[in-house]
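Commentary on secondary and tertiary structure
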Amino acid sequence: MEILNSKIFGEGSTATPFLVFHGLFGMLDNWGSFGKDLGEYLPVHLIDLRNHGRSFHSDDMSHDDLADDIARYMEHYGIKKAHVLGHSLGGKAVMQFALKYPEKVEKLIVVDISPKAYPPHHQGIIKALETVDFNTVGSRNEVEAVLNQYIPEKSTIQFLTKNLYWDDHKKLNWRFNLKPLSEKYNEFVSNAVKFGVFEGETLFIAGEKSNYILPQDEYGIKQQFPKAKIVTVKNAGHWVQAENPVDFAIVVKQFLGLN
């Protein structure tokens, strides 16, 4: 039984643990400074989703699979109940987890995603990633040059190339498992979170410049998460925690009662 890879801050603390999950093509390292900061108050587990970072690879990638991974992780570490945060795809994972295992969730934080189905919108990125041929490219710069042809945003290219590493064959490779992420894309992006109701305290954090959580989504959110509060962080797009880390951390600490 494979357990998700993680990095833990504030391990000595006896406070309720806080589990943090990144988004599609991300990894726990994206949350390093946030984890360090919050680790002063409570144990923070930064966790790689399956097929991402240093976690195990699998051909299965449904919201249920992701939710079950979280349950197994908690069991492995002897965690009865936790605060849980997920960004984007990680947000879908933690929503499904809270609906399926409500007794394991103290407080739920969902970052810049709602429970609804989204139309496919990463095709350009997936195409760019699939175009990189690691038999012919030998440096990060060469990978960036390939991605440049398909992806206009420098910040997105930087985010993706954080996943590059030298494998055992001395070749560059992606840490994420691109094949199932491409093949199962519709299963985890274009599917809504299964219907259910989580009665616990819930916070949805939206980026002011992002269109992932729209005003009209509030009705659907409240149907499944009746205690949900929706807070918008100024001067931030979809990567809220990276674009306005100070305000993002303030909002999270207030919700968890840490200040």
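Owing to the predicted nature of the structure, the values given are computational and were not obtained by experimental measurement.

The rules behind the values
Residues numbered from 1 in each chain as written. Predicted model: local features only at pLDDT ≥ 70, side-chain atom pairs only at ≥ 80, totals over all residues. Heavy atoms only, no water. Axes fitted to C-alpha atoms, helices over the stretch in contact; angles between N-to-C directions. Helix = DSSP H or I, 4+ residues; strand = E, 2+ residues; numbered from the N terminus. Parallel < 35°, antiparallel > 145°, perpendicular 65-115°, else oblique. Contact = heavy atoms within 4.5 Å. Nonpolar A, V, L, I, M, F, W, Y, C, P; charged D, E, K, R; others polar. Phe/Tyr/Trp six-rings, centres within 6.5 Å; stacked < 30°, edge-to-face > 60°. Buried < 20%, exposed > 50% of the residue type's maximum accessible area, 1.4 Å probe, protein only. Lys NZ or Arg CZ within 6 Å of the ring centre and 35° of its normal. Polar contact = N/O pair within 3.5 Å; in protein donor to acceptor, adjacent residues only side chain to side chain. Expected span 1.5 Å × (residues − 1). Core = buried A, V, L, I, M, F, W, Y, C linked by side-chain atoms within 4.5 Å. Pairing = 2+ DSSP bridges. Right-handed = clockwise from strand over helix to strand, strands pointing away. Arc of directions from axis to C-beta. Left-handed = near helix turned anticlockwise from the far one by under 90°. Salt bridge = Lys/Arg side-chain N within 4 Å of Asp/Glu carboxyl O.

Turning our eyes to something else, we now look at the packing of helix α2 (residues 63-76) against helix α3 (residues 89-100). Between two packed helices, the angle of one axis relative to the other and the distance separating the axes together describe the packing. Running from N to C, α2 and α3 cross one another at 70°; their axes reach a closest spacing of 8 Å. With respect to each other, α2 and α3 are oriented roughly perpendicular. Of the residues in α3, those in contact with His63, Asp64, Leu66, Ala67, Asp68, Ile70, Ala71 and Met74 of α2 are Leu89, Lys92, Ala93, Val94, Gln96, Phe97 and Lys100. For the contact of α2 with α3, a count of residues per class yields 9 nonpolar, 2 polar and 4 charged.

On to the environment of Pro180, then. Looking at the secondary structure, you find Pro180 in helix α7 (residues 178-183). Sequence-distant contacts of Pro180, defined by excluding residues within four places in its chain, comprise Asn51, Ser58, Asp59, Tyr185 and Phe188.

Moving on: the packing of aromatic side chains. Throughout the structure, instances matching the rule amount to 14 aromatic pairs. Judged by centre distance (5.5 Å) and plane angle (75°), the rings of Phe134 and Trp174 are edge-to-face. Placement of Phe134 in the loop between α4 (123-131) and α5 (140-148) and of Trp174 in strand β7 (residues 172-174) is noted, with a sequence separation of 40 residues between them. Each of the two residues, Phe134 as well as Trp174, counts as buried. Of note, Lys116 hangs over the ring of Tyr118, and the distance from its end group to the ring centre comes to 5.1 Å.

This part takes up the side chain of His63. Counting through the fold element by element, His63 comes out in helix α2. A distance of 2.8 Å separates a polar atom in the side chain of His63 from the backbone oxygen of Phe188.

What follows concerns α3. Taking 1.5 Å of rise per residue, the 12 residues of α3 would be expected to cover 16 Å, and the 17 Å separating its terminal C-alpha atoms lies within 8% of that figure. Taken together, the buried positions of α3 are Leu89, Gly90, Gly91, Lys92, Ala93, Val94, Met95, Gln96, Phe97, Ala98 and Leu99.

Here the focus is the nonpolar core. A general trend in soluble globular proteins is that nonpolar side chains are found buried together. Within the largest apolar cluster, 63 residues are counted, with the highest numbers of intra-cluster contacts made by Phe25 and Leu147. With 7 residues, α3 is the single largest residue contributor to this core. Not counting chain neighbours up to four residues away, the residues in contact with Phe25 comprise His52, Ile125, Ile126, Leu129, Phe159, Leu160, Asn163, Phe176, Leu178 and Leu181. Among the nonpolar cores identified, the runner-up in size contains 24 residues, and Val20, Val111, Val251 and Val252 belong to it.

What follows concerns the pairing of strand β3 (residues 44-47). Of the two faces of β3, the one carrying Val44 and Leu46 and the one carrying His45 and Ile47 are both buried. Sheet topology places strand β1 (residues 6-9) next to β3; 4 bridges connect them, and they run antiparallel. Across the sheet, Ile8 pairs through a bridge with His45, a residue of β3. Summarising the sheet, strand β2 (residues 18-21) and β3 pair through 4 bridges and their orientation is parallel. Paired with Leu19 across the strands is His45, a residue of β3. Since β2 and β3 lie parallel, the crossover through helix α1 (residues 32-38) that links them has a hand, and here it is right-handed.

Turning to α5, its buried residues are Val143, Val146 and Leu147. Taken end-on, α5 shows its buried residues confined to a sector of 100°, consistent with a single buried face. Buried residues along α5 sit against α4, α6 (154-161), β6 (164-166) and β7.

Our focus in this paragraph is the packing of α5 against α6. Interhelical geometry of α5 versus α6 gives an angle of 135° and a closest axis separation of 10 Å. Relative to α6, α5 is oriented oblique. Relative to α6, α5 is oriented so that their crossing is right-handed. Along its contact with α5, which presents Arg140, Val143, Glu144, Leu147 and Asn148, the element α6 presents Lys154, Ile157, Leu160 and Thr161. Residues of the contact of α5 with α6, tallied by class, amount to 4 nonpolar, 2 polar and 3 charged.

Moving on, we come to the environment of Trp239. Its place among the elements puts Trp239 in the loop between β9 (228-233) and α10 (240-243). Judged by relative accessible area, which is 23%, Trp239 ranks as partly exposed. The spacing of Trp239 and Asp133 is 106 residues in sequence and 28 Å in space, taken between C-alpha atoms. What Trp239 contacts, discounting residues up to four positions off in sequence, is His87, Thr156 and Phe159.

All right, on to the pattern of salt bridges then. The final tally for this structure, using the stated rule, is 10 salt bridges. Taking the shortest distance from any N to any O, the salt bridge between Lys100 and Asp64 comes out at 3.3 Å. In this pair, Lys100 is assigned in helix α3 and Asp64 in helix α2, connecting sequence segments 36 residues apart. The exposure class of Asp64 is buried, given its relative accessible area of 18%. Here Lys179 and Glu183 are joined by a salt bridge, their closest N and O atoms 3.3 Å apart. Here Glu183 and Lys179 lie together in helix α7, a separation of 4 residues that amounts to about one turn. You'll find Lys179 and Glu183 in the same group, each marked exposed. One network of salt bridges, with partners in common, ties together Asp64, Asp68, Lys100 and Lys194.

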